[in-house]
Amino acid sequence: MSTRAQLSYDEVRSQIATGDVLMFSGRGPISRLIRRGSRSPYSHCGIASREGSRLMVFHAVVRGVHHQPASAAVRRYTGRVDWFTPTPLYREQIDRDGIVREAAQHVGKPFAVLAMLQLTCAMLRNSGYADSDGHLAPAMFCSWYV
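Residues numbered from 1 in each chain as written. Predicted model: local features only at pLDDT ≥ 70, side-chain atom pairs only at ≥ 80, totals over all residues. Heavy atoms only, no water.

## A few points about the overall build of the protein chain
Part 1 of the argument: Along its length, the protein chain carries seven helices and five strands.
Part 2 of the argument: Here the protein chain holds 146 residues, and 39% of them are scored as buried.
Part 3 of the argument: When the accessible surface of the protein chain is totalled, it reaches about 9,000 Å², and 57% of it is carbon and sulfur. (Helix = DSSP H or I, 4+ residues; strand = E, 2+ residues; numbered from the N terminus. Buried < 20%, exposed > 50% of the residue type's maximum accessible area, 1.4 Å probe, protein only. Areas by Shrake-Rupley, 256 points an atom, 1.4 Å probe, with all protein chains shown as cover.)

Okay, here's the thing in structure tokens:
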């Protein structure tokens, strides 16, 4: 059994890079439903973006696709937040500027409530769910967006 160090946001903030992924594990009823339906310990996710001295996050929330300071997203979230970064071998292969350009194109889109409910129902029924990759989707939910 492995144990993970639990560090504060302030302790890891300087190490988080553009393109890294923040995974949220909420404690509220909607978060629990999402975790159950997706069979995942996580209920939300976002893409980190280093912008000068600011660490920002792109994520799709009920209010739609947003770009905000990561500190605000982390501190406002009720639950645990985990940080995932690629191994050094793959880190060099990632087009981090391309990730930001793509993520920025979707800011302002509404939250895809219907698609998220369809996916959750399909997962609860153990059936497949097929849809577009979200590139031209008029609305998005967090894992689709990331």
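## Focus: the sheet that holds strand 3 (residues 54–61)
Part 1 of the argument: Strand order in the open sheet made by the five strands is 4-3-2-1-5, with antiparallel pairing throughout. Each of the sheet's edge strands pairs with one partner strand only, and the pair in question is strand 4 (64–69) and strand 5 (79–84). Each adjacent strand pair in this sheet contributes to an overall mean axis angle of 25°, direction not counted.
Part 2 of the argument: For strand 1 (residues 21–26) and strand 2 (residues 44–51), the ladder comprises four bridges, and the chain directions are antiparallel. Bridge assignment links leucine 22 to a residue of strand 2, and that residue is glycine 46. (Pairing = 2+ DSSP bridges. Axes fitted to C-alpha atoms, helices over the stretch in contact; angles between N-to-C directions.)

## Some words on the environment of glycine 108
Part 1 of the argument: With respect to the helices and strands, the residue glycine 108 is situated in the loop between helix 5 (96–105) and helix 6 (113–124).
Part 2 of the argument: Taking the C-alpha atoms as reference points, glycine 108 and histidine 67, separated by 41 residues in sequence, lie 8.9 Å from one another.

## Describing the environment of tyrosine 145
Part 1 of the argument: Take tyrosine 145: it is sitting in helix 7 (residues 142–145).
Part 2 of the argument: Taking relative accessible area as the criterion, tyrosine 145 reaches 8% and is therefore assigned buried.
Part 3 of the argument: For the pair tyrosine 145 and histidine 106, spaced 39 residues apart in sequence, the C-alpha separation works out to 8.3 Å.

## Focus on the nonpolar core
Part 1 of the argument: Ala60, Ala112, Phe141 and Tyr145 are the most contacted members of the largest nonpolar core, which totals 19 residues.
Part 2 of the argument: Broken down by secondary-structure element, the contributors of at least two residues to this core are strand 2, strand 3, helix 6 and helix 7.
Part 3 of the argument: By size, the runner-up hydrophobic cluster in this structure holds eleven residues, among which are Tyr9, Phe24, Leu55 and Ala70. (Core = buried A, V, L, I, M, F, W, Y, C linked by side-chain atoms within 4.5 Å.)

## Remarks on the pairing of strand 2
Part 1 of the argument: Counting buried positions along strand 2 gives six out of eight residues, so the element sits mostly inside the fold.
Part 2 of the argument: Judged from the five bridges that link them, strand 2 and strand 3 form a sheet pairing that is antiparallel. Of the residues in strand 3, the one forming a bridge with arginine 50 is leucine 55.
Part 3 of the argument: From the end of strand 2 to the start of strand 3, which pair antiparallel, there are two residues, and glycine 52 there has a positive phi angle of about 65°.

## What to know about helix 5
Part 1 of the argument: Burial in helix 5 covers these residues: Arg96, Gly98 and Ala103. Seen from one end, helix 5 has its buried residues packed into an arc of 155°, which puts them on one side. Set apart from the buried face of helix 5 by more than 90 degrees, the exposed residues are Asp97, Arg101 and Gln105.
Part 2 of the argument: Those residues of helix 5 that are buried lie in contact with strand 2, strand 3, helix 4 (88–91) and helix 7. (Arc of directions from axis to C-beta. Contact = heavy atoms within 4.5 Å.)

## A word on the side chain of arginine 96
Part 1 of the argument: Inspection of the secondary structure puts arginine 96 in helix 5.
Part 2 of the argument: Exposure remark for arginine 96: the relative accessible area of 17% places this residue in the buried category.
Part 3 of the argument: Contacts of arginine 96, omitting those with residues within four sequence positions, involve Ala17, Thr18, Gly19, Asp20, Pro86 and Arg91.

## What to know about the state of the cysteines
Part 1 of the argument: One pass over the structure, following the stated rule, counts zero disulfides.
Part 2 of the argument: Here cysteine 45 stays free of any disulfide, with the sulfur of cysteine 142 as its closest cysteine sulfur at 4.0 Å. (Disulfide = S-S within 2.5 Å.)

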